[in-house]
Amino acid sequence: MSDCEIVLHGESRSFPVRDGALAESRAGAPVLLHLGQVGEVAPEPRRAAVLIELDTECLSVHLGDYPGAERANTLGFARYRNGNDAPTNLVELVRPDGAEPEALAAARAFFESIGCQVAVCADRPGRIVDRLVRPKYNDALRFLDDGLATATAMDMTCRMGLGYPDGLIERTERGGLARHHEICAALQELTGNPAYAPARRAVVAMQRKARR
Amino acid sequence: MGAGIARVIARAGCETICHDVAPEGLARARAVTAKFFASSVKRGRMAEGEDAAALARMTDTTDLAALAEADLVIEAVFEDLAAKQELFGRLNTLCKPETLFASNTSTLSITEIASGCGREDRVVGMHFCLPAELMKLVEMSRGMNTATAAFDAAWAWVKGAGQVPVETQDRPGFILNAVLVPFNNDVIRAIEAGVAEPADIDLAVKAGLGYRMGPCELIDLIGLDTQVRLCEAFYPVTLNPRAAAPPLLRRMVAAGHLGRKAGRGFYDYREEAGA
Ligand SMILES: NC(=O)c1ccc[n+]([C@@H]2O[C@H](COP(=O)([O-])OP(=O)(O)OC[C@H]3O[C@@H](n4cnc5c(N)ncnc54)[C@H](O)[C@@H]3O)[C@@H](O)[C@H]2O)c1
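Conventions we followed
Per chain, the residues get numbers from 1 upward, laid out in the order the sequence is written. Written order determines the labels here, with chains lettered from A and ligands numbered from 1. Only residues with pLDDT of at least 70 are given local features in this predicted model, and only at 80 or more are side-chain atom pairs given and counted; all residues enter the totals for whole chains, interfaces and linings. Note: side-chain values were computed over all heavy atoms of the structure, leaving out hydrogens and water. Buriedness for pockets is judged along seven lines, at least five of which must meet protein on both sides within 12 Å for an open set on the 1 Å grid over protein atoms alone, while cavities are sets there where a 1.4 Å probe fits but cannot get out, and lining residues have an atom within 4 Å of a point. Grid points are joined across faces, edges and corners, and a volume is the space filled by probe spheres set on the points. Secondary structure elements are defined from DSSP: runs of H or I of at least 4 residues count as helices, runs of E of at least 2 residues count as strands, and each element is numbered from the N terminus. Put simply, Ala, Val, Leu, Ile, Met, Phe, Trp, Tyr, Cys and Pro go in the nonpolar bin, Asp, Glu, Lys and Arg in the charged bin, and everything else, Gly too, in the polar bin. Residue contacts follow a heavy-atom distance rule, with two residues in contact if any of their heavy atoms lie within 4.5 Å. Two parts placed together each lose some accessible area; with a 1.4 Å probe, that loss summed over both constitutes the buried area. Salt bridge, as applied in this entry: a Lys or Arg side-chain nitrogen positioned within 4 Å of an Asp or Glu carboxyl oxygen. Here the bounds of each domain stem from an automatic or database domain assignment. Per-residue accessibility, obtained with a 1.4 Å probe over protein chains only, is compared with the maximum for each type, and a residue is labelled buried under 20%, exposed over 50%, and partly exposed between these values.

Trainee: Please clarify how the layout of surface pockets should be interpreted in this entry.
Mentor: Rolled over the atoms, a probe with the dimensions of a water molecule shows which regions are left empty. Taken as a whole, the second largest pocket encloses approximately 630 Å³ of empty space. Around the second largest pocket sit 28 residues that line it, and Asp-139 of chain A together with Pro-182, Asn-240, Arg-242 and Ala-243 of chain B are the ones nearest its centre. Residue assignment for the lining of the second largest pocket shows that the elements contributing at least two residues are helix H3 (129–145) of chain A together with helix H7 (176–192) and helix H10 (224–238) of chain B. Examining the composition of the lining of the second largest pocket, we find that six residues originate from one element, H3 of chain A, more than from any other. Each residue belonging to the lining of the second largest pocket can be placed in one class, and the counts come to 16 nonpolar, four polar and eight charged.

In structure tokens, the structure reads:
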């Protein structure tokens, strides 16, 4: 079931290296994979599933809010990755309203066949992970500014008290404060929720990047 | 929670007096402690015979005056400011002047707990993680009137007991709960908004972030009623909307879906429990 056709739209964050099952693209395969910064895509109703890689945008940017029957096999996805860390095995699979269950099953089978774990979510800003972690990273950055504790103490608390593999500060900094800003700004625009307002340290990182 | 802390103290080689108003709680805790120490020996985490020795260092009492000669008193009574203030006030009249007071509070202010007890300079925050006998981290904080010498002595004691102290300011929830309470609420709101099912959220968090437990599993373990209580402690003092109890959380508590202990929360455990 890892048989797929790949259309590349520039560099893919989800699959920066295409090896194993993704090494080959076969024209007309049941699964059509759009990788990279995908723009407008034509409907392909005869495929088992059409999968569009997403960054911070909602799938409806590509499909509209009412995709119609000919796009009922089209879903979005992103493989989770903290900044430029190697991509994890997590694929967030975005199911728009009205998606065919068969397309969802085909998409899940495809990603599982290439060794990924699939979490299904609705087409909402930040999907699951960024929706939940970005406010937390902002909290941690603000706590640091407010002198609640040192970065070391905060990171140690996360690792030893909460069972996280790394601390919130080290993780956010490793993922890049400018990238954190970029994601937060997108989520804030989409949701209007002040929890996504980038913390000062992220704004400064963005401003410094702009000066360079 | 208090029983777990007592295990840490006794294991560290200190004479340990366990005080509770409820004798049946003390008896229950003692039985669990004996089992825990025995299994520590079996797993090679404690030397042969050290289990009996540690247990022998522990005495139980319902008489507060038994704490008069203690070097350190760690309170872990239920999370209520007036109860903790009253307890420290009474202890102040009973204990020798050098006795340090520590509070295991999760959400209350150390400065407020110490306020009016009569030895505000010798009160520190000492927040253990549950289960204390397995988790090394201890969040420590100073109240506004805590003397440096008292804080340093408490810090050294925690380290000497084999725990890992981290210092935080005396702010609501210190680090751990300040991070966790709003995050857990965000998870509940995402479920309520139909973003994803609990199992998908847990999978995403574990596979994507490498957390040991998914947030829904964790909330089920903490108890949804406890999460409501944490929100009620946090929201009024922080006015952070993310700390306010989400409507779904309140509905689940009203429906009795309190988590693991009730057989159902975000997950159904009834089959697992053989019901
Ligand atoms: N449960 C947790 O996950 C956790 C984690 C960290 C810190 N804490 C903190 O630990 C404290 C206790 O929490 P808990 O969950 O163990 O509460 P609990 O209600 O389960 O236990 C409190 C114990 O204190 C006893 N008690 C009540 N009044 C007393 C008094 N005046 N003198 C002596 N004993 C008295 C009760 O009989 C009971 O055994 C709270 O401050 C809580 O915030 C709890």
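Trainee: Help me understand the interface of chain A and chain B, please; the structure alone is not making it clear to me.
Mentor: Many descriptions give the size of an interface as the accessible area lost when the pieces come together. If you look at the interface, chain A gives 38 residues, while chain B gives 39 residues. For the pairing of chain A and chain B, the buried interface totals around 3,200 Å² over both sides, and the portion due to carbon and sulfur atoms is 69%. The largest share of the area that chain A buries against chain B comes from Leu-132, Leu-148 and Met-160 of chain A, three residues that together contribute 20% of it. On inspection of chain A and its partner chain B, the count reaches one salt bridge.

Trainee: Would you explain the domain arrangement of chain A in this entry?
Mentor: Residues and elements named next belong to chain A. Structurally, chain A comprises domain 1 (4–122) and domain 2 (130–205). Placing a centre on the C-alpha atoms of domain 1 and another on those of domain 2 gives a separation of 28 Å. Taken together, the eight residues of domain 1 in the interface contact eleven residues of domain 2. Summed over the three residues of domain 1 that lose the most area to domain 2, namely Thr-56, Tyr-80 and Asn-82, the buried surface amounts to 59% of that side. Split into classes, the residues belonging to the side of domain 1 that touches domain 2 amount to two nonpolar, three polar and three charged.

Trainee: What am I meant to see in the side chain of Arg-242 of chain B here?
Mentor: Its location among the elements puts Arg-242 of chain B in the loop between H10 and helix H11 (247–254). Given a relative accessible area of 10%, Arg-242 of chain B falls into the buried group. In this structure, Arg-242 of chain B is in contact with Pro-135, Lys-136, Asp-139 and Ala-195 of chain A together with Pro-182, Phe-183, Asn-185, Asp-186 and Arg-189 of chain B, ignoring residues within four places of it in sequence.

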